[in-house]
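# Summary of the model geometry
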Amino acid sequence: MELTGYSASLAQASWTTVQLAFVSLCVGLILAVLFACGEMSRHKWLAWPTTLFITIVRGLPELLVVLFIFFGSTEVIFIITGEFVDISPFISGVIALGLIFASYASQTIRGALKAVPSGHIEAANALGLSRSRTFIKIVLPQAVRHAMPGLMNQWLVLLKDTALVSLIGVTDLMKQAQLASATTHQAFTWYATAAAIYLVITIITQKIVKIIDARFSLQDASSSAGTKA
């Protein structure tokens, strides 16, 4: 394969890495909200198992979680249903990375929700707003601002953790760089290229986060001005 062929394969693997990272992020955010709500629940039968599960996931090495999901999920499904279901490495990677991200992000989200002043919620209740409307209009915008720095750091960790799925057969950026370096015997070139691509993805996402944070700051300023008026 010529050099251009390896470059094309690396570009395709980079797209796979981006897909893996963003799908895992979406899954992880949904699970993180559910975990945070579970931990904050007044019902002990829900709070304790949620806390225990998060503690277990956070206490295990990320690589072990990936391997456990990939090799163990098929056996668990077989024990429950009696049928053999072949789960693709990509889906296994998404589930594993989503769980890892959620176990840490849930703590950030829980702290962000608690950081919202209770007086704002009481004022919304006094105005007759429903719980869902209060959460969407009052709690969520403020919680997002509090959670954004922590979630950004966890996103960077998630992006780097995508390299772990190369061990279960996903041809991501790191796996393709490894294959190209083994064939061409130019390890520094391909690993340096992979590093540059990771940095580009990181910089782009940081720019996007700054834009989102600026918009939330503008909305908060407008709300404060309206309240004072």
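Each chain has its residues counted from 1, following the order in which its sequence is written. Local features in a predicted model are, by the rule used here, given only for residues with pLDDT of at least 70; side-chain atom pairs are given and counted only at 80 or more, and totals for whole chains, interfaces and linings are based on all residues. Derived side-chain values reflect all non-hydrogen atoms in the structure, with water molecules and hydrogen atoms excluded from consideration.

### Some remarks on the overall build of the chain
Convention followed: Going along the chain from the N terminus, every DSSP run of H or I of four or more residues is numbered as a helix, and every run of E of two or more is numbered as a strand. Think of it in three bands: residues with accessible area under 20% of the maximum for their type are buried, residues over 50% are exposed, and the middle band is partly exposed, with areas taken using a 1.4 Å probe on protein chains only. Contacts are residue-level and defined by heavy atoms, with any inter-residue pair within 4.5 Å sufficient. Here the Shrake-Rupley method, with its probe set to 1.4 Å, supplies the accessible areas, and only the displayed protein chains count as covering residues. For this count, His and the chain ends are skipped, Lys and Arg are scored as positive, and Asp and Glu as negative. By convention, the point assigned to a charge is CZ for Arg, NZ for Lys, CD for Glu and CG for Asp.
Of regular secondary structure, the chain possesses eight helices and zero strands. Across its three principal directions, the C-alpha atoms of the chain cover 70 × 45 × 25 Å. For the chain, with 229 residues in total, the buried portion stands at 36%. Contacts in the chain between residues far apart in sequence, at least 24 positions, make up 75% of those at least 6 positions apart. Roughly 13,700 Å² of accessible area belongs to the chain as shown, and the carbon and sulfur atoms make up 68% of that amount. Of the charged side chains in the chain, 15 are positive and 11 negative; the average position of the first set lies 16 Å away from that of the second.

### A closer look at a nonpolar patch on the surface
Which entries qualify depends on this criterion: Like-charged residues within 9 Å of one another, or nonpolar side chains (Val, Leu, Ile, Met, Phe, Trp, Tyr) within 5 Å, are grouped into patches, provided each residue has over 30% relative accessible area and no salt bridge. Whenever Lys or Arg places a side-chain nitrogen within 4 Å of a carboxyl oxygen from Asp or Glu, that contact is recorded as a salt bridge.
A cluster of nonpolar residues, Val76, Phe78, Ile79, Ile80 and Phe84, forms a patch on the protein surface that exposes about 600 Å² of accessible area. Within the secondary structure layout, phenylalanine 78 lies in helix α3 (residues 62–81).

### Quick word on the UniProt feature "domain: ABC transmembrane type-1" (unreviewed entry) in the chain
For clarity, the threshold we go by: UniProt positions are given in the numbering used here, feature names are shortened, and annotations may be inferred rather than shown by experiment.
UniProt's entry tags residues 14–209 with the feature "domain: ABC transmembrane type-1" (unreviewed entry), counted in the numbering of this structure. For residues 14–209, helix accounts for 84% and strand for 0%, while the C-alpha atoms at its two ends are 21 Å apart.

### A word on the confidence of the model for the chain
Note the cut-off: Every residue is assigned a pLDDT by the predictor, reflecting its confidence on a scale from 0 to 100.
This prediction gives the chain a mean pLDDT of 85; 92% of its residues lie at or above 70. Throughout residues 224–229 the model reports pLDDT below 50, and contacts reaching past four residues in sequence, or to other chains, amount to zero contacts.

### As for helix α2 (residues 44–59)
Rules: In this analysis, the expected span of each helix is defined as 1.5 Å times one less than the number of residues it contains. Here, the arc refers to the directions that run from the helix axis to the C-beta atoms.
Spanning 16 residues, α2 covers 22 Å between terminal C-alpha atoms, matching the ideal 22 Å at 1.5 Å per step. Regarding α2, the residues found buried are Ala47, Thr50, Ile54 and Val57. Seen end-on, α2 carries its buried residues on one side only, within an arc spanning 105°. Residues Lys44, Trp45, Trp48, Leu52 and Gly59 are exposed on α2 and point more than 90 degrees away from its buried face.

### As for the packing of aromatic side chains
Operational definition: Each pair of aromatic rings taken from Phe, Tyr and Trp, with Trp reduced to its six-membered ring, is defined by centres within 6.5 Å and is described as stacked if the planes are under 30 degrees apart, edge-to-face if over 60, and tilted in the remaining cases.
Evaluation of the coordinates by the stated rule reveals three aromatic pairs. A ring pair is formed by phenylalanine 70 and phenylalanine 71, whose centres lie 4.8 Å apart and whose planes are at 75°; its orientation type is edge-to-face. For phenylalanine 71, a relative accessible area of 52% translates into the label exposed.

### Describing the side chain of threonine 74
Relative to the elements of secondary structure, threonine 74 occurs in helix α3. Residue classification places threonine 74 among the buried positions, given a relative accessible area of 11%. Apart from the residues lying within four places of it in its own chain, the contact partners of threonine 74 are Phe84, Val85 and Ile87.

### Quick word on the side chain of threonine 17
Mapped onto the secondary structure, threonine 17 falls in helix α1 (residues 3–40). Residues contacting threonine 17, with those up to four places away along its chain left out, are Thr162, Asp172, Leu173 and Tyr198.

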